[in-house]
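What follows is each chain in one-letter form.
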Amino acid sequence: MTLPSHHRFIISDRSSAVLQSLDKYSSIKQFLCAADCMTVSTVCKASGKINMADRSNRAREATTGAAIFAEPDNLRIYRELHPTYNDRHLMAESADSASSPTSSGSTTPDQSDRDGSPNESSSDTSLEVHTFAHKEFKEISTVAVKKIEHDIASGRETVVTKLFQPIAKTTKRRPRFKDVKFKPNTTILEAEASRTSVFAGFYTVFWLGAFILFAKTVLENYRNSGYFLDTHIVSILWRDLPKVAITDLVLFLLTFANVALQQAVVKKKLSWDSTGWVIQSCYEVAFIGLALWWPMYNDYPWIGRVFLCLHSLVLLMKQHSYSFFCGYLSVVKRDLALYESIFAGVRNEEGRMTPSEFQTEQEEQEERLLDEIAMCQTELKSSLPMSKVVYPNNVTFFNFFDYMMLPTLVYELEYPRTESIRWDYVFEKTAAIFGVFFLMIIIAEQYFYPIVMHALSLRSLPFLEKVKEYPFLFFELLFPFLLMYLLTWYIIWDAILNEIAELTHFADRYFYGAWWNSVQWDQFAREWNVPVHLFLLRHVYHGSISAFQVSKGAATVITFLLSSVIHELVMFVIFKKLRGYLLVLQMCQLPLVQLSKTKFLRGNKVFGNIMFWIGIYTGPSMMCMLYLTF
């Protein structure tokens, strides 16, 4: 910050540390200069032996509209905070000017600095200004604090209120990303499947029935065709498999660009809250666009397309959580450095509080500053006990790779871990994955494929003919789709995620809740897929409330809408048609949620659970037939 020579001010030692941390807040630096210059005992030396008559003339020119010298921002802020500045200062300067008249050959302030020949009256004048400044300082700081508090109370944001609003408020700083807590957990089916559970028999009979269905289908295929398995679905799975694998690997490697961006933020080459988040958002749009366009451009089979779509969405959510979490911590770290500088600046050498620009009550200001510092320090370190992980030490490629391997979509500095890998448990889950996968192939070959081919043949028929055939196709697909629905859920959220968690020592296994007991659709949304629910809770629901200042009801609608759009996008990738059936059906859950909260349904859990299962039975089959037929 450079000021004209006739308005130069010296900055005291106690404020220099504050100003050095305010490189991006030039207006605030000027405000601090205007306030702090009044307490400096060496103002006469730093002012270059200011000629008071010259200052008086320039002050009069500024008040009368003369534009010989532009008024510095620090004096403008000082005048705004102190309404009587012009009258009292001009009176004082006029008195000095009358007692020390200037001549046409008087030395200018710039010349005094260069040739070392100060004006004879400058010493007395500077002493008078310094005395006047000490007299005014307390009143100036009081007016400043009152103005800040008034701006905050009225909702008006200025340069000053934006920086010191957390200190001037009576409420403490609230952490933004402390809404998700990880702790050691086990999945429900593992607990219920133990020998001590009263439901262990039901768990056994379900898998026994699945094995009998598998054996029956294999034997019937062998009797009818001479082959144990049909090859329609298998051929689709094997088609372009190397290309799909290479594409998925490239998409995974692209995610490491997030680490480079965050390292640039840590090194202060970028500011997250100005350009960093914009670059990240543009990158995410380009990433998901590439992941959707490339498989369709190369005509990958629908199984390959839907796999790449779903995995790229998982990678996208992981990247978003990592980048915005670390970006937020970079802002917290900057705030911490600022608060520590302010706290150090408002202390004198004896350790006592000096007059403060931020609060009239010295002890209250010290307490609030310490609260802000403690809250920032808490946010910058892991919440796990005995953890030593502190931002920005986590911004490394290894830390990002470790996070990408974990079965979670929400980034944290550290997660609870297990001590060892149970290899018998890994073998059990591996056997479950392959067993259920082959069972799903058999169900798809035996029950899905013939019905799907029949539905596709109806596309050329008139609309009324399609309507007549639709109910029969719907009921034929009802039970096979429900079974496929349950197996898909089990293989992903119980078998695959648990095995990944075991291999990565991830201790929090709460991947789903008791969704089968749901009586409301919002309960089902929370417990069916807990990793996605936690991501939407943190980055969509709470994010929309904090970013857009919307109500909880509006945030719920935004969350459901985004989820519906993503599901419709998956349907577009599969069928290459944009119809909106799934989007409409999923958004219909919102009025159903409100209906379930009525007085009649709220206390009738059995009826609510029946309605929930009717929706699970009919919804997927109805949706699939709509996309295939119409």
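Residues numbered from 1 in each chain as written. Predicted model: local features only at pLDDT ≥ 70, side-chain atom pairs only at ≥ 80, totals over all residues. Heavy atoms only, no water.

Undergrad: Can you explain the overall build of the chain? Please cite residues and give values.
TA: Along its length, the chain carries 27 helices and zero strands. When the 630 residues of the chain are sorted by exposure, 44% land in the buried category. Of the contacts made within the chain by residues no fewer than 6 positions apart, 77% connect residues no fewer than 24 positions apart. Surface accessibility of the chain: about 33500 Å² in total, with carbon and sulfur atoms responsible for 64%. (Helix = DSSP H or I, 4+ residues; strand = E, 2+ residues; numbered from the N terminus. Buried < 20%, exposed > 50% of the residue type's maximum accessible area, 1.4 Å probe, protein only. Contact = heavy atoms within 4.5 Å. Areas by Shrake-Rupley, 256 points an atom, 1.4 Å probe, with all protein chains shown as cover.)

Undergrad: Would you mind going over the packing of aromatic side chains in detail, with residue names and values included?
TA: Taken as a whole, this structure holds 43 aromatic pairs when the rule is applied. Note on Phe252 and Phe401: the rings are 6.5 Å apart at their centroids and 75° apart in plane angle, and the pair reads as edge-to-face. Here Phe252, found in helix 13 (residues 241-254), pairs with Phe401, found in helix 18 (residues 397-405); they are 149 residues apart in sequence, far enough to count as distant. Accessibility expressed as a relative area gives 36% for Phe401, which makes it partly exposed. Every member of this aromatic cluster is reached through a ring pair, and the members are Tyr485, Trp489, Trp493, Tyr512, Trp515, Trp516, Trp521, Phe524, Trp528, Phe612 and Trp613. Looking at Arg422, its charged tip hangs above the ring of Tyr425, at a distance of 4.3 Å from the centre. (Phe/Tyr/Trp six-rings, centres within 6.5 Å; stacked < 30°, edge-to-face > 60°. Lys NZ or Arg CZ within 6 Å of the ring centre and 35° of its normal.)

Undergrad: Tell me what's going on with the packing of helix 19 (residues 423-457) against helix 27 (residues 605-629), and back it up with residues and numbers.
TA: Between helix 19 and helix 27, the least distance of the axes is 8 Å, while the angle of their chain directions is 45°. Taken together, the axis directions place helix 19 and helix 27 in an arrangement best described as oblique. On helix 27, the residues touching Ile451, Val452, Ala455 and Leu456 of helix 19 are Met625, Leu628 and Thr629. Partitioning the contact of helix 19 with helix 27 into residue classes produces six nonpolar, one polar and no charged. (Axes fitted to C-alpha atoms, helices over the stretch in contact; angles between N-to-C directions. Parallel < 35°, antiparallel > 145°, perpendicular 65-115°, else oblique. Nonpolar A, V, L, I, M, F, W, Y, C, P; charged D, E, K, R; others polar.)

Undergrad: How would you summarise the pattern of salt bridges if you had to cite specific residues and measurements?
TA: Inspection of every chain in the model, using the stated rule, returns 11 salt bridges. In this structure, Glu502 engages Arg509 in a salt bridge whose closest nitrogen and oxygen atoms are separated by 3.0 Å. Arg509 shares its class with Glu502; the two are buried. In this structure, a network of salt bridges that share partners links the residues Arg239, Asp240, Asp299 and Lys576. (Salt bridge = Lys/Arg side-chain N within 4 Å of Asp/Glu carboxyl O.)

Undergrad: Can you lay out the confidence of the model for the chain for me, pointing to particular residues and giving the numbers?
TA: Looking at the chain as a whole, its pLDDT mean stands at 75, while 69% of the residues score no less than 70. This stretch, residues 151-171, has a pLDDT under 50; its non-local contacts, to residues over four places away or in other chains, come to 35 contacts. (pLDDT = per-residue confidence, 0-100.)

Undergrad: Outline unusual backbone geometry, supporting the account with residue identities and numerical values.
TA: The omega torsion across Tyr391 and Pro392 is 10°, close enough to zero to call that bond cis. With respect to the helices and strands, the residue Pro392 is situated in the loop between helix 17 (362-379) and helix 18. Phi is positive for Asp299, close to 55°, though the residue is something other than glycine. Within the secondary structure, Asp299 is located in the loop between helix 15 (272-297) and helix 16 (302-345). With a relative accessible area of 41%, Asp299 lands in the partly exposed category.

Undergrad: Help me get a handle on the environment of Trp493, residues and values and all.
TA: Tracing the backbone shows Trp493 in helix 20 (residues 463-503). As a C-alpha pair, Trp493 and Val530 span 37 residues in sequence and 9.1 Å in three-dimensional space. Once you skip the residues sitting within four places of it in the chain, Trp493 turns out to touch Thr488, Asn498, Phe511, Tyr512, Trp528, Asn529 and Pro531. A distance of 2.7 Å separates a polar atom in the side chain of Trp493 from a polar atom in the side chain of Asn529. (Polar contact = N/O pair within 3.5 Å; in protein donor to acceptor, adjacent residues only side chain to side chain.)

Undergrad: Would you mind going over helix 27 in detail, with residue names and values included?
TA: Taking 1.5 Å per residue, 25 residues should reach 36 Å; helix 27 reaches 36 Å between its end C-alpha atoms and fits that length. Every buried residue of helix 27 is listed here: Gly608, Phe612, Ile616, Pro620, Ser621, Met623, Cys624, Met625, Leu626, Tyr627, Leu628 and Thr629. Summarising the contacts, the buried residues of helix 27 are in contact with helix 19, helix 20, helix 21 (521-528), helix 23 (552-575) and helix 24 (581-587). (Expected span 1.5 Å × (residues − 1).)

Undergrad: Tell me what's going on with the packing of helix 11 (residues 200-225) against helix 19, and back it up with residues and numbers.
TA: Their axes nearest at 10 Å, the elements helix 11 and helix 19 cross at an angle of 50°. Between helix 11 and helix 19, the angle falls in the class oblique. Between helix 11 and helix 19 lies a crossing of left-handed hand. In this structure, helix 11 uses Trp207, Ala210, Leu213, Phe214, Thr217, Val218, Glu220 and Asn221 to contact helix 19, whose residues at the interface are Val436, Phe438, Leu439, Ile442, Ile443, Gln446 and Tyr447. Tallied by class, residues from the contact of helix 11 with helix 19 come to 11 nonpolar, three polar and one charged. (Left-handed = near helix turned anticlockwise from the far one by under 90°.)

Undergrad: Account for the side chain of Gln280, naming residues and giving values.
TA: Within the secondary structure layout, Gln280 lies in helix 15. You can call Gln280 buried: its relative accessible area is 1%. Beyond its immediate stretch of four places on either side in the chain, Gln280 contacts Asn258, Leu261, Trp272, Gln319, Ser323 and Phe324.

Undergrad: Help me get a handle on helix 20, residues and values and all.
TA: Across its 41 residues, helix 20 extends only 53 Å between first and last C-alpha, which sits more than 12% below the 60 Å expected from 1.5 Å per residue. At Leu478, helix 20 shows its maximal kink, close to 40°; a proline, Pro480, follows between one and four residues later. After helix 20 finishes, the residue His505 shows a positive phi value of roughly 65°. (Bend = angle between axes of the 7 residues up to and from the residue.)

Undergrad: Quick one: what's the story with the environment of Val426, residue by residue and with numbers?
TA: Relative to the helices and strands, Val426 resides in helix 19. Between the alpha carbons of Val426 and Ala495 there is a distance of 9.5 Å; along the sequence they are 69 residues apart. Beyond its immediate sequence surroundings of up to four residues, Val426 is in contact with Ile421, Glu499, Glu502 and Leu503.

Undergrad: With reference to specific residues and values, describe the side chain of Asn498.
TA: Here Asn498 shows up in helix 20. At 3.5 Å, the side chain of Asn498 and the side chain of Tyr425 are in polar contact. Among the polar contacts listed, one links the side chain of Asn498 to the backbone oxygen of Asp494, at a separation of 2.6 Å. Discounting chain neighbours no more than four positions away, the residues touching Asn498 are Thr187, Glu190, Tyr425, Lys429, Trp493, Arg509 and Phe511.

Undergrad: A description of the environment of Val250 should follow, citing residues and the corresponding values.
TA: Its place among the elements puts Val250 in helix 13. Between the C-alpha atoms of Val250 and Ala291, which are 41 residues apart in sequence, the distance is 9.9 Å.

Undergrad: How would you explain a nonpolar patch on the surface if you had to name every residue and give the values?
TA: On the surface, Ile246, Val250, Leu254, Leu290, Trp293, Trp294 and Tyr297 cluster together into a nonpolar patch covering about 690 Å² of accessible area. Given the relative accessible area of 43%, Val250 is considered partly exposed. (Patch = residues over 30% accessible without salt bridge, like charges linked within 9 Å, V, L, I, M, F, W, Y side chains within 5 Å.)

Undergrad: Tell me about the nonpolar core, and please be specific about residues and values.
TA: Counting residues in each nonpolar core, the largest one holds 104 residues, and the members touching the most others are Tyr322, Tyr411, Trp489, Met571 and Met625. With near-sequence residues (within four places) excluded, Tyr322 lies in contact with Asn258, Val259, Gln262, Val395, Asn399, Phe400, Tyr403 and Tyr411. Core analysis: the next-biggest nonpolar cluster, separate from the first, contains five residues, Val265, Trp272, Phe324 and Val331 among them. (Core = buried A, V, L, I, M, F, W, Y, C linked by side-chain atoms within 4.5 Å.)

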